[in-house]
Amino acid sequence: MTGEVAVLGVGMHPWGKWGRGFVEYGVTAARTALADAGIDWRDIGSIVGADTVRGGYPGYVAGATFAKALGWQGARVASVYAACASGAQALNTARAQILAGLADVVLVVGADAAPKGFFRPAGGDRPDDPDWLRFRVLGATNPTYFGLYARRRMALYADTLEDFAQVKVKNAALGALNPHARYRKKVTAEEVAGSAVVADPLRLLDICATSDGGAAVVLSSMDFARRHGAAGPVRIRAVSTVTPSYPNTVLDLPDIATDSAAAVRPADGTFRASIARAAYEEAGIGPEDLSLAEVYDLSTALELQWYEDLGLCGEGEAVKLLREGATSLGGRIPVNVSGGLASFGEAVPAQAIAQVCELTWQLRGSAGDRQVAGARVGITANQGLFGHGSSVVAVR
Amino acid sequence: MSRTRTPVVTGWFAGEGDDFRLLGTRCSACTSVFFPREDAFCRNPGCPGGELVEVPLSPRGRVWSYTDSRYRPPSPYVTDPELSWEPYTLIAVELESERIVVLGQAAPGITVADLTVGMEVVVVPGVLNEDAETTWTTWHWQPTGVAA
């Protein structure tokens, strides 16, 4: 086992469309996390920023930007880019520094001010960039990939549009309980069915929006936590940041084709499943040990896919799990009790950090009306562009 | 004024009519196939590295999945903002011998209602967009059992 780090504090700026800059959201989240930890910013030894993204590229040097906004105090700095997994990689960078003895207490911040409409690649004529090419050649927006995955599930496992809608109904009801969520209204299956089709078979209410938001976490060594008087803090036990194995046989964003499996036999299980497997192995736990999971529901159908990739059920059995209520609050393994991306919309560099904030509140027993009773072990899962993904296991 | 026909990406496809093919590359050492083509290095981590030779991909495959684009995609996709948006269909196609899935637009007029997972499709030449001087060409997937 790798060794644990303590989560001393967490904080978020509420998700929404606030019309302000990402630095403001990040600083609000950072100050909230520092206050939650009871740590003065000037005592932070290292700051790690998850890069703010414009359609696939780091647009700003995040770590230094937040350090300057909080007031230069000489801390070590790093900025991390890993698409949607940027926040988790920022956490992992902080963890590695702590475990290596380079820092005692580290502030991790991610924040974004999302553009209106579809994510798009950076400008210019750039045929050497796969993200630029998929838009130029195919007009393939992110939701079209979600549509492909959803249709494939319908064909393979007989998932229905009504099943997808029930994921939204579940997550919207939970988001209504979360003061940090952007959408805080219950949604009915009829409202999902009545929303416009964006990328067949998915409708507007099946697909997550893009949002402004900020999230921050203060991590420390277990020794520092004890000296600081934090009795029984939430601990991060694993952070998986694995890459795919060749040949990757699932069409992932932003690719126009999969790898060919003609010459090399594909590994057992998909890239997404390998992300979770690495987290389980590092944490020394299995899916049966989980109290809750926060997964990247870029679409309703993708939440179902994660049930299988996390091993909460067998392949093709996600809808059964959903229909049984196992993934609802009060069920055997509640998923996205925060309300998920369905209720937040995606603020790319903040999102994987926000998932860990939710685990922390749940494991502390301070999640209010959306509390999972007796939560002891939580997992996050996420996947982004260019072969990035992450999974974090937190325990208490 | 007649427009010049130019592939939207150089070297990804060639040929006319029934001879139209997607072009990939194959590693001479490990036989891995790449589309979009890799010309600099083989991406198989177990391969010592061989010469990458251009190879036409199988023209026919089966639908892995499909979707459509009901809203106008952003730039660099080229559309005429003066015209009302006409959705187009995207098909991901599995080529059996290459064991690869390749995404493409469906031939004009093909909608999601015409498609099922597993249906046979064939690659055909198509037009992506036109500007004053150029007709930008691309590939389309056409179901073999459906008239365009």
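Cut-offs applied
- Residues numbered from 1 in each chain as written.
- Chains lettered and ligands numbered in written order.
- Predicted model: local features only at pLDDT ≥ 70, side-chain atom pairs only at ≥ 80, totals over all residues.
- Heavy atoms only, no water.
- Domains from an automatic or database assignment.
- Contact = heavy atoms within 4.5 Å.
- Buried area = accessible area lost by both parts, 1.4 Å probe.
- Salt bridge = Lys/Arg side-chain N within 4 Å of Asp/Glu carboxyl O.
- Phe/Tyr/Trp six-rings, centres within 6.5 Å; stacked < 30°, edge-to-face > 60°.
- Lys NZ or Arg CZ within 6 Å of the ring centre and 35° of its normal.
- Helix = DSSP H or I, 4+ residues; strand = E, 2+ residues; numbered from the N terminus.
- Expected span 1.5 Å × (residues − 1).
- Buried < 20%, exposed > 50% of the residue type's maximum accessible area, 1.4 Å probe, protein only.
- Axes fitted to C-alpha atoms, helices over the stretch in contact; angles between N-to-C directions.
- Parallel < 35°, antiparallel > 145°, perpendicular 65-115°, else oblique.
- Left-handed = near helix turned anticlockwise from the far one by under 90°.
- Nonpolar A, V, L, I, M, F, W, Y, C, P; charged D, E, K, R; others polar.
- 1 Å grid on protein atoms, 1.4 Å probe; cavity = no way out; pocket = protein on both sides within 12 Å on 5 of 7 lines; lining within 4 Å.
- Points joined across faces, edges and corners; volume = space filled by probe spheres on them.

Undergrad: Is there a simple way to explain the domain arrangement of chain A in this structure?
TA: In many reports, interface size means the accessible area that the parts give up when they come together. Residue and element names in this part refer to chain A. Segmenting chain A into domains produces domain 1 (5–117 + 212–235) and domain 2 (130–205 + 237–395). Look at where the C-alpha atoms of domain 1 and domain 2 centre, and you get two points 23 Å apart. The interface is formed by 44 residues belonging to domain 1 together with 40 residues belonging to domain 2. Together, Met12, Trp15 and Cys84 form the three largest contributors to the area buried by domain 1 at its contact with domain 2, with a combined 24%. At the boundary of domain 1 and domain 2, one finds two salt bridges. In this structure, aspartate 36 engages arginine 364 in a salt bridge whose closest nitrogen and oxygen atoms are separated by 2.9 Å.

Undergrad: I'm lost on the interface of chain A and chain B in this one. Help?
TA: Tallying the contact residues gives 39 residues for chain A and 47 residues for chain B. Between chain A and chain B, roughly 3600 Å² of surface is buried when both sides are summed, and carbon and sulfur atoms account for 64% of that area. The largest per-residue losses of area from chain A upon contact with chain B belong to A:Arg136, A:Leu138 and A:Tyr246, which jointly make up 19% of the total buried on that side. Summed over the shared surface of chain A and chain B, the result is two salt bridges.

Undergrad: When you look at the packing of aromatic side chains in this model, what are you seeing that I'm missing?
TA: Aromatic rings considered in pairs are described by the distance between their centres and by the relative angle of their planes. Using the criterion set out here, one finds eleven aromatic pairs over all chains in the structure. Ring plane angle 80° and centroid distance 6.5 Å describe the contact between B:Tyr77 and B:Trp85, whose orientation is recorded as edge-to-face. Taken together, the ring pairs connect B:Trp12, B:Phe13, B:Phe20, B:Phe35 and B:Trp139 into an aromatic cluster. Lying across the ring of A:Tyr149, A:Arg272 places its NZ or CZ 5.9 Å from the centre.

Undergrad: What am I meant to see in helix 5 (residues 142–157) of chain A here?
TA: The periodicity of an α-helix, 3.6 residues per turn, causes residues three or four places apart in sequence to face the same way. Residue and element names in this part refer to chain A. Along its 16 residues, helix 5 runs 23 Å from first to last C-alpha, staying within 8% of the 22 Å computed at 1.5 Å per residue. Where burial is concerned, most of helix 5 is hidden: twelve out of the 16 residues are buried. Two residues or fewer after helix 5 comes alanine 158, characterised by a positive phi angle close to 60°.

Undergrad: Got a minute to help me understand the packing of helix 9 (residues 271–283) of chain A against helix 10 (residues 300–309) of chain A in this structure?
TA: A pair of packed helices is captured by two measures, namely the crossing angle of their axes and the spacing between those axes. All names here are of chain A. For the pair helix 9 and helix 10, the least separation of the axes is 9 Å and the interaxial angle reads 50°. In terms of axis orientation, helix 9 runs oblique to helix 10. Here the hand of the crossing between helix 9 and helix 10 comes out right-handed. When helix 9 is examined against helix 10, the residues Arg272, Ala273 and Ala276 are found in contact with a partner set consisting of Leu302, Gln305, Trp306 and Asp309. Broken down by class, the residue content of the contact of helix 9 with helix 10 amounts to four nonpolar, one polar and two charged.

Undergrad: For this particular structure, what's the right way to read empty space enclosed by the protein?
TA: Think of a ball as big as a water molecule: rolled over the atoms, this probe shows where empty space is left. Residues and elements named next belong to chain A. Going through the model one piece at a time under the given rule, you end up with two cavities of 30 Å³ or more. Its volume calculated, the largest cavity comes out at about 80 Å³. Looking at the largest cavity, it is lined by 14 residues, and the ones nearest its centre are Glu294, Ser338, Phe344, Gln351 and Ala354. Only strand 11 (292–295), helix 12 (340–344) and helix 13 (348–364) provide two or more residues apiece to the lining of the largest cavity. It is helix 13 that contributes the most residues to the lining of the largest cavity, five residues altogether. Among the residues forming the lining of the largest cavity, the class breakdown is six nonpolar, six polar and two charged. Approximately 40 Å³ is the volume attributed to the second largest cavity. In terms of lining, the second largest cavity is formed by Lys168, Leu205, Asp206, Ile207, Cys208, Asp297, Ser299, Thr300 and Ala342. Of the residues assigned to the lining of the second largest cavity, the class counts are four nonpolar, two polar and three charged.

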